[in-house]
Amino acid sequence: MKQYFQQEIETASREEILEIQNKKLVKQVRHVYDNVPYYKKLMDEKGVKPEDIQSVEDIRKLPFLSKADLREAYPYGLLGTDIKNCVRIHSTSGTTGKRVVAFYTQHDIDLWYECCARAIVAAGGNEDDVVQVCYGYGLFTGGAGLDGGSHKVGCLTLPMSSGSTDRQIQFMMDLNATILCCTPSYAAYIGETLAEKGYKPEDNKLKAGIFGAEPWTEEMRQSIQKSLGIKAYDIYGLTETSGPGVAFECCEQSGMHINEDHFYAEIIDPETGEVLPEGSKGELVFTALDKEAFPLLRYRTRDICVLSRKECSCGRTHVKMTKPMGRSDDMLIIRGVNVFPSQIETVLLNEGYTPNYQILVDRMNNTDTLDINVELAPEQFSDKVADIQRREKSLEVAMRGMLGIGPKVHLVAPKSIVRSEGKAVRVIDKRKLHD
Ligand code: DLL
């Protein structure tokens, strides 16, 4: 069975990868300087010229780009080519401010789809597979990216888009889908719905799932693997860097290989911007090495993770990133303590609860409050108040151990928390309404 989509590059030696990166970076910096006045200005302000960049060692001399820059330059300010060379746009689902609009030439689309094809093959995909894509199609990159990757591999592609869960299940069962692509929260919902319809995990033909676009924990992976009877692989990416496929998991299921021939990754201290040594936890920064239309250099993702060059048993040599814990701006600061929603998910699943929860943050009498609504599975439901209260208390103790602060836990009835078909909305921070 095919193990790699592009073996030569996916297993290239460190020296070979560095050589490719150095060559591409020198060319890309020149391309951006000559074609993107917005970034040329940033470079001029920093006193950096394209000839100062001779290898990836020099990348630190370049200025960062942030989401604020993308907003300021909206819509065409970071375009690296004549608009007539572009064949596609995609956009973030941002709910506040201006959306990010990313442009693609045909070359950009091809390399993006190749990255997604690498992810599908790493999850065990080949031309015999039936790939059910239930990421949203449209401006969101999830549907188009996995669809394009699936075509490149030669799989039969079911372009379902998100939603209509009954229809998803009918197609999955009737057309023998073998690989499922969607957000992990939607995969959990599909698993739950299958069980409700009386299907057992072995009744479907699925063997793997490629899940991403939102943070999810190891515990969530175990829960999805069990409910669908599959291996669940993580996939990462963002609109600004093309979409899914910037990094993907292999059979080791322990972190995602970054497609280093296309994206140069750095980890920085989010406060100071200082580049941190390998193994440090910090903000992930990407430089697109060969994108033409939207060639972002040193783009700050705000995703917090760790990079590792530890040898991988799959044979791939590209650096691995850990699951992002969530964006630095998803981090909640509650009574001065940093809280990531993923920590709450870990406790819930470890304690045997469902992945259906909602985090409510508010401020009362100048003190932050943290409430967590946790849905009970039907078999956990009880109408004995004392029993529910005892379980709420015990969960509060477990949460305090993980978070360092004590939340108020409310166990709520089965099916009372809205399910997500795309990216789940886990946090409602009402403090923002008071500010
Ligand atoms: O979510 C692209 C994508 C689609 C990735 C399908 C994977 C699968 P955006 O909507 O621009 O693009 O959101 C990007 O989502 O900066 C992360 O904060 C988060 N994210 C994406 N993948 C993961 C993941 C798509 N595997 C933002 N784990 C990123 C955790 C993720 N967070």
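Rules behind the numbers
- Residues numbered from 1 in each chain as written.
- Predicted model: local features only at pLDDT ≥ 70, side-chain atom pairs only at ≥ 80, totals over all residues.
- Heavy atoms only, no water.
- 1 Å grid on protein atoms, 1.4 Å probe; cavity = no way out; pocket = protein on both sides within 12 Å on 5 of 7 lines; lining within 4 Å.
- Points joined across faces, edges and corners; volume = space filled by probe spheres on them.
- Nonpolar A, V, L, I, M, F, W, Y, C, P; charged D, E, K, R; others polar.
- Core = buried A, V, L, I, M, F, W, Y, C linked by side-chain atoms within 4.5 Å.
- Buried < 20%, exposed > 50% of the residue type's maximum accessible area, 1.4 Å probe, protein only.
- Helix = DSSP H or I, 4+ residues; strand = E, 2+ residues; numbered from the N terminus.
- Contact = heavy atoms within 4.5 Å.
- Pairing = 2+ DSSP bridges.
- Axes fitted to C-alpha atoms, helices over the stretch in contact; angles between N-to-C directions.

**Q** Sorry, what's going on with empty space enclosed by the protein here?
**A** Here the idea is plain: a probe the size of a water molecule rolls over the atoms and shows the empty space left. Counted by the stated rule, this structure contains two cavities of 30 Å³ or more. When its volume is computed, the largest cavity comes out at roughly 50 Å³. Lining the largest cavity we find L70, A73, Y74, P75, Y76, G77, L78, V100, V101 and F294. Residue composition of the lining of the largest cavity, grouped by class: nine nonpolar, one polar and no charged. By volume, the second largest cavity is sized at about 40 Å³. Lining the second largest cavity are V32, V36, Y39, L65, L78, P295, L296 and L297. Classifying every residue of the lining of the second largest cavity gives eight nonpolar, no polar and no charged.

**Q** Sorry if this is basic, but what is going on with the nonpolar core here?
**A** Across soluble globular proteins, you tend to see nonpolar side chains buried next to one another. Of all hydrophobic cores here, the largest spans 54 residues; its most connected members are Y39, L62, L78, Y236, I258, L284 and M321. Counting residues per element, this core draws most heavily on helix α5 (residues 106-122), at five residues. Excluding residues within four positions of it along the chain, Y236 makes contact with G243, P244, G245, V246, A247, M256, L284, F286, T301, D303, M321 and P324. The next biggest cluster of nonpolar side chains, apart from the first, holds 25 residues, and it includes L180, Y186, A187 and A232.

**Q** Explanation requested: the sheet that holds strand β16 (residues 357-364) in the structure shown.
**A** The pairing of strands in a sheet comes from backbone hydrogen bonds and takes either a parallel or an antiparallel form. The strand order across the open sheet formed by four strands is β18-β17-β16-β19, and the pairing between neighbours is mixed. The open sheet is flanked by β18 (408-412) and β19 (427-429), the only strands paired with a single partner. Mean inter-strand twist for the sheet, computed between neighbouring axes without regard to direction, equals 20°. Examined bridge by bridge, β16 and strand β17 (residues 367-375) share eight bridges and lie antiparallel to one another. Looking at the pairing, M364 lines up with T367 of β17. Across the sheet, helix α10 (residues 341-350) touches β16, β17 and β19, and the angle it forms with β16 is around 130°.

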